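# Coordinate analysis (summary)
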Amino acid sequence: MGRASVVAIGIVLLLAAAALATHWKAPPEAKALQNPVRPTQASVQKGKELYMTYCAKCHGLRGLGDGPSVGSLRVQAGLNLTILGSESDGEIFWKISTGRAEMPPFELILMPEERWHIVNFLRTLKGR
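Just so it is clear, the structure is predicted and the values come from calculations on it, not from any experiment. (Residues numbered from 1 in each chain as written. Predicted model: local features only at pLDDT ≥ 70, side-chain atom pairs only at ≥ 80, totals over all residues. Heavy atoms only, no water.)

With that settled, consider the nonpolar core. In terms of nonpolar packing, the biggest core is built from 19 residues, with Y51, I92, I96, I118, V119, F121 and L122 touching the most fellow members. Those elements that provide at least two residues to this core are helix 3 (41–54), helix 5 (81–86), helix 6 (89–98) and helix 7 (112–125). Examining the composition of this core, we find that six residues originate from one element, helix 7, more than from any other. The residues touching F121, leaving out its near neighbours within four places in the chain, are V44, G47, K48, Y51 and M52. (Core = buried A, V, L, I, M, F, W, Y, C linked by side-chain atoms within 4.5 Å. Buried < 20%, exposed > 50% of the residue type's maximum accessible area, 1.4 Å probe, protein only. Helix = DSSP H or I, 4+ residues; strand = E, 2+ residues; numbered from the N terminus. Contact = heavy atoms within 4.5 Å.)

Spelled out as structure tokens, the structure:
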């Protein structure tokens, strides 16, 4: 194996390790949180309105991290829809509630029911 191959493999391993290190995991107790808001059309619509007001400026309209404020961020703002799809409603609710880095803790801004509406909306983004 040549030097270029070893360097390439090293870079791939470093990138993979960085990707794993940056995955944001909710605590185990968050997984058990049950969403008390049924994902009705009205709930999803309310969640979309809240998302567009509070989240889209960084996360973008479809969660791709391409919102108008993204240029001023120090961290990547795209939602990993694959990971999002594997997380429980409680884990997503916890992340919205607590925030991270430049994302504020929305438990200080939005009522719990509003955060659950956002969870219901985010579920509609999965797989888009």
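Taken together, the side chains of Y54, L108 and I109 present a nonpolar region at the surface, about 310 Å² in accessible area. For L108, the position within the fold is in the loop between helix 6 and helix 7. You can call L108 exposed: its relative accessible area is 69%. (Patch = residues over 30% accessible without salt bridge, like charges linked within 9 Å, V, L, I, M, F, W, Y side chains within 5 Å. Areas by Shrake-Rupley, 256 points an atom, 1.4 Å probe, with all protein chains shown as cover. Salt bridge = Lys/Arg side-chain N within 4 Å of Asp/Glu carboxyl O.)

With that settled, consider the packing of helix 3 against helix 7. Relative to each other, helix 3 and helix 7 sit at 100°, their axes nearing to 7 Å. When the interaxial angle is binned, helix 3 and helix 7 end up roughly perpendicular. Between helix 3, through S43, V44, K46, G47, K48, L50, Y51 and M52, and helix 7, the contact on the second element is made entirely by E114, H117, I118, N120, F121, L122 and T124. When its residues are assigned to classes, the contact of helix 3 with helix 7 shows seven nonpolar, five polar and three charged. (Axes fitted to C-alpha atoms, helices over the stretch in contact; angles between N-to-C directions. Parallel < 35°, antiparallel > 145°, perpendicular 65-115°, else oblique. Nonpolar A, V, L, I, M, F, W, Y, C, P; charged D, E, K, R; others polar.)

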